[in-house]
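# Survey of secondary and tertiary structure
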Amino acid sequence: MNNFSRIGFVDIVVFNYNNRNKEPFIFVEVKKSGSGLLNCIEQLKSYMSTTKTCKYGIVSDGIEFMVLNREFQQEQDIPSFDSSMLPSSLEKYSYIDLNNNSQYDFMRDYDSKKEILVEDDKIYPVEDVIKLNIYENIAAGPPILINSTVEDEFYFPKKWLHNTDDCYMVKVKGNSMINANIDNGDIVIIKRQNIVGNYEIAAVDSDETLDKIAVDILD
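Residues numbered from 1 in each chain as written. Predicted model: local features only at pLDDT ≥ 70, side-chain atom pairs only at ≥ 80, totals over all residues. Heavy atoms only, no water.

## A few points about unusual backbone geometry
With a phi angle near 65°, Phe-72 is a residue other than glycine that sits in the positive phi range. Along the chain, Phe-72 turns up in the loop between strand S6 (65-69) and strand S7 (74-75). We classify Phe-72 as partly exposed; its relative accessible area is 29%. (Helix = DSSP H or I, 4+ residues; strand = E, 2+ residues; numbered from the N terminus. Buried < 20%, exposed > 50% of the residue type's maximum accessible area, 1.4 Å probe, protein only.)

Below you can see the structure in the form of structure tokens.
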């Protein structure tokens, strides 16, 4: 743990998994028997202050025992487990169609990627979505090499795309396209083709073929 300018070590950490990311949930500090809790509490507070996902802290010197919540208030014990204590597996996205000046807000469950949940709790059935591969990265700035390895996949409603043939997704790296509402870290949907029309945004690969960005952006 970063404790101001020094590195410290938490004795015990209990983790949660949030979208496959391991996040600290409980910190435990244990000191020599009978040494008291005062210094132990301050150390625990400093660690919890720098870790937003840590919800509870425990301190003990083998004789005394104390549980603190996120606000550093004393609790009688850590509450019994409830599923609401776990991070949600739902991910929120906004799909932006620049050509038609439209936007769709939707969610997907990371544990069930084929299900796309839109407004009014409508779920697109599997036959109405298409799987697009995600690659990393495409340059919005100085040229970079695109890794041809598929990093992830995304299921997307077919009706939101003008043409689903030969489409794929890449993550944007760089800030040169922010005036076109394409930001660093966005995911763009690209349609592979050999020509591009006037005023259309395109990504150009190394052998001079054109891959047109399908005016689709995912935040």
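## As for a nonpolar patch on the surface
A surface patch of nonpolar side chains, amounting to about 220 Å² of accessible area, comprises Ile-12, Val-14 and Val-30. Mapped onto the elements of the fold, Val-14 is located in strand S3 (residues 12-18). (Patch = residues over 30% accessible without salt bridge, like charges linked within 9 Å, V, L, I, M, F, W, Y side chains within 5 Å. Areas by Shrake-Rupley, 256 points an atom, 1.4 Å probe, with all protein chains shown as cover. Salt bridge = Lys/Arg side-chain N within 4 Å of Asp/Glu carboxyl O.)

## Observations concerning the packing of aromatic side chains
Scanning the entire structure with this criterion turns up 14 aromatic pairs. Between Phe-156 and Trp-160, the aromatic rings sit 5.6 Å apart at their centres with planes inclined by 80°, giving edge-to-face as the arrangement. For the pair Phe-156 and Trp-160, a shared accessibility class is recorded, and that class is buried. Ring-pair connections join several aromatic residues into one group, and the members of that group are Tyr-93, Tyr-95, Tyr-104, Phe-106, Tyr-124, Phe-154, Phe-156 and Trp-160. The residue whose ring lies beneath Lys-22 is Phe-15, and the NZ or CZ to ring-centre distance is 4.6 Å. (Phe/Tyr/Trp six-rings, centres within 6.5 Å; stacked < 30°, edge-to-face > 60°. Lys NZ or Arg CZ within 6 Å of the ring centre and 35° of its normal.)

## Describing the pairing of strand S15 (residues 187-192)
Walk down a regular strand and you will see the side chains alternate between the two sheet faces. In terms of burial, S15 is largely enclosed, as five of its six residues are buried. Of the pairings in the sheet, the one linking strand S14 (residues 167-173) to S15 comprises five bridges and is antiparallel in character. Opposite Lys-171, over in S15, you have Ile-187 as the bridge partner. (Pairing = 2+ DSSP bridges.)

## Some remarks on the nonpolar core
Counting residues in hydrophobic clusters, the biggest one holds 19 residues, and the most contacted among them are Phe-106, Leu-132, Phe-154, Phe-156 and Ile-189. Only strand S8 (90-97), strand S12 (129-139), strand S13 (147-157), S14 and S15 provide two or more residues apiece to this core. Top contributing element to this core by residue count: S12, with four residues. Core analysis: the next-biggest nonpolar cluster, separate from the first, contains 12 residues, Val-10, Phe-27, Leu-37 and Cys-40 among them. (Core = buried A, V, L, I, M, F, W, Y, C linked by side-chain atoms within 4.5 Å.)

## As for the pairing of strand S10 (residues 112-117)
Bridging between strand S9 (residues 102-109) and S10 involves three bridges; their strand directions are antiparallel. Its bridge partner lying in S10, Asp-109 is registered against Ser-112. The antiparallel pairing of S9 with S10 creates a hairpin that spans two residues between the two strands. Sheet topology places S10 next to strand S11 (residues 123-124); two bridges connect them, and they run antiparallel.

## Considering the environment of Glu-91
Inspection of the secondary structure puts Glu-91 in strand S8. The sequence separation of Glu-91 and Tyr-110 amounts to 19 residues, and the corresponding C-alpha distance is 6.8 Å. Here Tyr-93 takes part through its side chain, which lies 3.5 Å from a polar atom of the side chain of Glu-91. (Polar contact = N/O pair within 3.5 Å; in protein donor to acceptor, adjacent residues only side chain to side chain.)

## Concerning the pattern of salt bridges
Taken as a whole and judged by the stated rule, the model has five salt bridges. As a salt-bridge pair, Glu-29 and Lys-31 come within 3.8 Å of each other at their nearest N and O atoms. The exposure class of Glu-29 is buried, given its relative accessible area of 0%. Owing to a relative accessible area of 29%, Lys-31 belongs among the partly exposed residues under this scheme.

## A look at the confidence of the model for the protein chain
Averaged over every residue, the pLDDT of the protein chain is 79; residues scoring 70 or more account for 81%. Mean pLDDT across the elements of the protein chain bottoms out in strand S17 (residues 210-218) (48) and peaks in strand S5 (residues 56-60) (93). Contacts from residues 208-216, a stretch scored under 50 in pLDDT, to residues over four places away or in other chains number 45 contacts. (pLDDT = per-residue confidence, 0-100. Contact = heavy atoms within 4.5 Å.)

## Notes on the environment of Leu-38
Within the secondary structure, Leu-38 is located in helix H1 (residues 38-49). Under the relative-accessibility criterion, Leu-38 is labelled exposed at 64%. Each C-alpha atom of the pair Leu-38 and Val-59 lies 9.5 Å from the other, and the pair is 21 residues apart in sequence.

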